[in-house]
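Notes for the structure review
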Amino acid sequence: MEKIICQSCKQEIPQIEPYVQFKCPQCGKLIARCEKCRTFGHSYKCGCGFEGP
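Parameters at a glance
- Residues numbered from 1 in each chain as written.
- Predicted model: local features only at pLDDT ≥ 70, side-chain atom pairs only at ≥ 80, totals over all residues.
- Heavy atoms only, no water.
- Helix = DSSP H or I, 4+ residues; strand = E, 2+ residues; numbered from the N terminus.
- Buried < 20%, exposed > 50% of the residue type's maximum accessible area, 1.4 Å probe, protein only.
- Lys, Arg positive; Asp, Glu negative; His and termini not counted.
- Salt bridge = Lys/Arg side-chain N within 4 Å of Asp/Glu carboxyl O.
- Polar contact = N/O pair within 3.5 Å; in protein donor to acceptor, adjacent residues only side chain to side chain.
- Contact = heavy atoms within 4.5 Å.
- pLDDT = per-residue confidence, 0-100.
- Phe/Tyr/Trp six-rings, centres within 6.5 Å; stacked < 30°, edge-to-face > 60°.

Turning next to the side chain of R33. Structurally, R33 is set in strand β2 (residues 30-34). For the buried R33, no salt bridge exists, and the shortest N-O distance to an oppositely charged side chain is 9.9 Å, to E35. There is a polar contact of 3.2 Å between the side chain of R33 and the side chain of S8. Reaching out from R33, the side chain makes a polar contact with the backbone oxygen of H42 at a distance of 2.4 Å. The residues touching R33, leaving out its near neighbours within four places in the chain, are C6, S8, I13, Y19, V20, F22, R38, G41, H42, Y44 and P53.

Here it is in structure tokens:
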């Protein structure tokens, strides 16, 4: 199985923990964020340069 990495904190997300995965609005690449980073509103940056809250 492929590892799921949080785009905000760069930590691996264990598959038993809740997380969200969505496509970058600019390039369409999948972005994953862990529950902790989502809750605290930590920013993330896609490889294409798009940044989000």
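Detailed reading of the predicted coordinates is not advisable wherever pLDDT is low. The share of residues in the chain with pLDDT of 70 or more is 98%, and the mean pLDDT across the chain is 94. The weakest mean pLDDT in the chain belongs to strand β4 (residues 51-52) at 92; the strongest belongs to β2 at 96.

Attention now goes to the packing of aromatic side chains. Summed over all chains, the structure comprises 1 aromatic pair. Ring centres of F22 and Y44 lie 5.7 Å apart, and the angle between their planes is 70°; on these two criteria the pair is classed as edge-to-face. You can see F22 sitting in strand β1 (residues 19-23) and its partner Y44 sitting in strand β3 (residues 44-45), a full 22 residues away along the chain. Since its relative accessible area comes to 24%, F22 is described here as partly exposed. Residue Y44 is classed as buried on the basis of its relative accessible area, which comes to 9%.

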